[in-house]
Amino acid sequence: MIPSQRVILGAGLAVLLLITAASIGLDVKSRSDTAWVSHTVKALKKISDLRALIRHAESAARGYEIYRTSSFNDEFQAVHAQIAPALADLKRGLRGNPDQIALLESTEPLVLRRVDIAAQAMRLRTANDGDGIAALQSKGEGRSLMDTVMGNLDRLSSGEERLLSARSQDSRRTGIVLLGIDVAGALVILLLVVMVMRESQRATVQLQSSLEQTQAAKEALEAAVAERTEHLVTAHDELRLSVNVLQSTFRSMAEAVLVIDSDGTVLLSNPAAERMLLHRTGMSLGNLRVLSDVFHGDGVTPLNPDELPSARVLRGDEFEDLEMIVRPHSGNGTRHLMISGRPMRDGQGNISGAVLVYHDATASRETERQLYQSQKLDSIGKLTGGVAHDFNNMLTVISGNTETLVAGLKEQPELQRTARLIDDAAARCADLIQHLLAFARKQPLQPRDVEINAAITDIAKLLRPTLGEQIQIETVLEQGPMTSHIDPSRLTNAVLNMAINARDAMPNGGKLLLETHHVVLDEAYAQANADVTPGPYVMLAVSDTGTGMPQSVQDNAFEPFFTTKEVGKGSGLGLSMVYGFVKQSGGHIKIYSEEGHGTTIKLYLPPGQGAVETASAIAPQAEGGAETIFVVEDDNLVRTFVTAQLQSLGYKTVAAADSKAALELIDAGQAFDLLFTDVVIPGGMSGRELADEVAKRRPGVKVLYTSGYTDNAIVHHGKLDDGVMLLTKPYRRNQLAEMIRKALSASPAPPPPA
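Now for a look at the structure at hand. (Residues numbered from 1 in each chain as written. Predicted model: local features only at pLDDT ≥ 70, side-chain atom pairs only at ≥ 80, totals over all residues. Heavy atoms only, no water.)

**Remarks on the packing of helix H12 (residues 452-467) against helix H13 (residues 488-504)**
Packing of H12 against H13 leaves a shortest axis separation of 10 Å and a crossing angle of 45 degrees. The angle between the axes of H12 and H13 places the two elements in the oblique class. In this structure, the crossing between H12 and H13 has a hand that is right-handed. On H13, the residues touching Ile452, Ala455, Ile456, Ile459, Leu462, Leu463, Thr466 and Leu467 of H12 are Leu491, Thr492, Val495, Leu496, Ala499, Ile500 and Arg503. Considering only residue class, the contact of H12 with H13 consists of 12 nonpolar, 2 polar and 1 charged. (Axes fitted to C-alpha atoms, helices over the stretch in contact; angles between N-to-C directions. Helix = DSSP H or I, 4+ residues; strand = E, 2+ residues; numbered from the N terminus. Parallel < 35°, antiparallel > 145°, perpendicular 65-115°, else oblique. Left-handed = near helix turned anticlockwise from the far one by under 90°. Contact = heavy atoms within 4.5 Å. Nonpolar A, V, L, I, M, F, W, Y, C, P; charged D, E, K, R; others polar.)

**Examining unusual backbone geometry**
Notably, Asn128 is not glycine yet its phi reads approximately 55 degrees, a positive angle. Relative to the helices and strands, Asn128 is located in the loop between helix H3 (98-126) and helix H4 (130-139).

**What to know about the nonpolar core**
By size, the foremost hydrophobic cluster in this structure holds 40 residues, and its most contacted members are Leu463, Leu491 and Leu603. Elements represented by at least two residues in this core include exactly H12, strand E8 (471-477), H13, strand E10 (510-521), strand E11 (535-544), helix H16 (574-584), strand E12 (588-593) and strand E13 (599-605). In terms of residue count, the dominant contributor to this core is H12 (7 residues). Filtering out sequence-adjacent residues up to four positions away, Leu603 remains in contact with Met498, Val538, Met539, Leu540, Val578, Val582, His588 and Ile589. Core analysis: the next-biggest nonpolar cluster, separate from the first, contains 29 residues, Tyr64, Val115, Met150 and Leu156 among them. (Core = buried A, V, L, I, M, F, W, Y, C linked by side-chain atoms within 4.5 Å. Buried < 20%, exposed > 50% of the residue type's maximum accessible area, 1.4 Å probe, protein only.)

**A few points about the sheet that holds strand E17 (residues 703-707)**
Sheet architecture is open: 5 strands sit in the order E15-E14-E16-E17-E20, paired in parallel fashion. Whereas interior strands pair on both sides, the edge strands pair on one side only; in this sheet they are strand E15 (652-656) and strand E20 (726-728). Averaged over neighbouring strand pairs, the angle between their axes works out to 20 degrees when direction is ignored. Seen against the sheet, helix H17 (residues 636-648) touches strand E14 (628-632), E15 and strand E16 (674-678) and runs at an angle of roughly 165 degrees to E15. Together, E14 and E15 form the strand contacts of helix H18 (residues 659-667), whose direction differs from that of E15 by roughly 130 degrees. (Pairing = 2+ DSSP bridges.)

**As for H13**
If you check H13, its first and last C-alpha atoms are 25 Å apart, about what 17 residues at 1.5 Å a residue would give, namely 24 Å. Within the span of H13, buried status applies to Pro488, Arg490, Leu491, Ala494, Val495, Asn497, Met498, Ala499 and Ala502. (Expected span 1.5 Å × (residues − 1).)

**Brief notes about the sheet that holds E11**
The sheet built from 5 strands is open, its strands ordered E8-E10-E11-E13-E12 with mixed pairing. At either end of the open sheet lies a strand with only one pairing partner, and these are E8 and E12. Each strand axis lies, on average, 20 degrees off the axis of its neighbour in the sheet, ignoring direction. With 6 bridges joining them, E12 and E13 adopt antiparallel strand pairing. Residue pairing for E13: Ile591 is matched across the bridge by Ile601.

**Considering a nonpolar patch on the surface**
Nonpolar side chains collect at one region of the surface, where Leu187, Leu190, Leu267 and Leu268 lie side by side and expose about 310 Å² of accessible area between them. Broken down by secondary-structure element, the contributors of at least two residues to the nonpolar patch are helix H5 (141-213) and strand E2 (266-269). Tracing the chain through its elements places Leu187 in helix H5. Overall, the relative accessible area of 35% leaves Leu187 in the partly exposed class. (Patch = residues over 30% accessible without salt bridge, like charges linked within 9 Å, V, L, I, M, F, W, Y side chains within 5 Å. Areas by Shrake-Rupley, 256 points an atom, 1.4 Å probe, with all protein chains shown as cover. Salt bridge = Lys/Arg side-chain N within 4 Å of Asp/Glu carboxyl O.)

Following this line, the structure appears as C-alpha cells:
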C-alpha cells in the first residue's frame, strides 16, 4: 500500500471513529431524554390524580350535605385516606425540581386543611349542630383554600408541561442530529471508496510501468503487487460491507431523506421519500411545488414560496421540526410533516446543496385530535347525566298534573288551552332530557336481535312523507342475513335524526342513500380510532348529496346543542343522540364529509347474538285495580303526585321517603302487592338493594323500578338486567297505569343471592 493510500484510509477511519463515537454518545443521550420525558408524563398524571381526589372528596362532602346518606360519608372517608399517600407519591415524582417541590410543600397543608374542614362540616351536620355549621360557613375558609389549592396544582401542571415540552424538543433534536451523523458517515464511506479505487488504479499503472522498465525486478515487483493487491482487496471488502450496512440503514429509515443541489434538484432520496413525498432522484422541488397547496402548521395560513424548506435551507438556514401541511391537488390525503434541514457547503464555504429530513406526523396528529374530541364528549356526557335525575323528577310532577288539568278543564276552554301549552312545554322538556341522556349513554336500552335490512326498509317508508318529494330515497342493502343486537326504537330515532339533517343540507333537493354491509374493523383501524374494538360489525351508512361539512363542523358535530342551523330550526341534539346510542350499544360512528360534495355517516353496530326477535304487540290502554302499591320515593312532590295518581286508578297506597322507613313499615307487617321504588333513594341503600332486602323478608315480591336516569344498579353495559321492569321519568298517567298492571301480572322476582 502506497503512502497516499495509507493517509487516505487513516484519515477516513479516523473520521468514521469520530462519527461512531458521536453516534454512541447521542444514542445514550436519546435514551436519557426519553426516560426524562416518561418521568415528566408520570408526574403530570400524579398531579391530575391528586386534583381528582380533592374534587372527589369535596363532591362526596357536598353529597352528604344534601342527602345525609352514609354512602357519601363512606365515600368521603375512602377518598380522604388516599389524599396523603397521593401527596407523598407526587412529592417523590417531582424529585430533582426544587421549585416544584417547594410549591407542593406549600400546597400540602392547604389540601389537608381543606379536607379537614369538609370532615368537620360533615361531623357537625351528623350532630345537627346548626350553630357550629353557621360559624364554620361564616369563615368562608373552605372555598378560598380550594381556589388556592387548584391554582397551585394548575401551576404544578404548567411547570411539568413546560418541562415535558422542553424535554420532548431535546429528544427530537437529538434524534435529528443522530440521523444527520449517520447520513454523514454514509457519505464519508462512499467518498473513501471512490478515492481508494482511484488510488488503486493509479498504483496499477505505476506497477505496469515498472515491469516494462526492468525485467530484472519482475519477481520482486510481482510480489509487491500481490501483497498490495491483497491489502486493497481486504480494505475494499471492509468498506463495501460498511457501505452496505449504511445503505440498508438509509433505505430502511421511516423518515424521508432528500439530498438536493443548489438548484433544488434531488440528488439522493430514500424509499421513504418516494412513498411519503413521491419525490425521486432527478426531480426538481421547484416543479413539484405546483402539484400541492402548502400551509403552515395551523393548516390555514399558506406557505409562501420563499418560506418553503428547500428555499430556506439553500439560503443557509438551519432548522428543526418545521411544521408544514401539504394538500395534494391529486386528491390524495393531507399530510402533516415535520421537517429538519441543513445546508451543505463546498471547500470555499459556498452552499452547494442541502439535506432535508421529513417526518410524517399525520397519524399522530389525528390520534391526538380524536383523543381530545373523545375526552371532551365524555366530560360533557358526565355533566349531562348528573342533572337529569332532578329534572325528570320535576317533569314527572309537572307533566302528570298538567295532564290532569287538561282533562278537568273541559268546561273552561281558555284555561284548558293554557294547560295544554304547559303540557306541550313539559313534553318538549322531557324529549330534550331524553336526547341528553342518549348522548350521555344513560338511557335504558332494551336491545334484541334485529334484522337490519327489514328495519331499514320500514324506516325508508316512514321517511318518504317526512322528507318530502324533493328528496330521492334509495337503499343499497347487502343480501343475506343482516342482524344486529340493538334497541330497534332507538335505531329508528337515530336514522330519522340523520335523515332530517341530510334533508336540511339539501335545500334544493337531492338524494338520500341508505346502505348496509357486513364489515370487519381490523387492528390497524382500531389503532387509528382509539375507541374501536376490532372485530365484525354491521355497517349502516346514511349518505346525502348536500352541502357537506368543513372539518371544524365535523370536529364539533356530536356535541350537544352544537348546530349550524338558524335559531329556532334545530336544537343541536340530533347527532349527539345518535352518537350516544351507538356508543352505548357497543358500536362506532364515523363522519365522512367534504364541502360541496355531501356527507356520509357510518354506524358500525354490534352483530346479532342469536335468532331475530319479533316486537311485542302494542298493549291496550291499561286500567286500574284494587291492589296495594308500596311507593318508595324521596322527592316529596313526586311521592305526593304518584300516590294521588294511583289512588285515582283505584289502588290503595303505602308510601315511604327512604329505604330505612320502608323496611321499618315492612318489618311492622305492612301488607302490599307491589313494591314501586325509585332507583336512587336515601337511607343507606339504592332501590335495587332495597328490593333485594324486601325479597329476603317477602319471597316472591313483585317490583317495579322508576328513575330519571340509569346507573349500574339495574343497568349494565347499557342494557336492563334480566327480569327488571323500569318506568322511566317523566311518565304519564296511562304509562303509570300500564306498567303497574304489567308488573302485577308478571312472575314473582327471583330470590336475591345469598
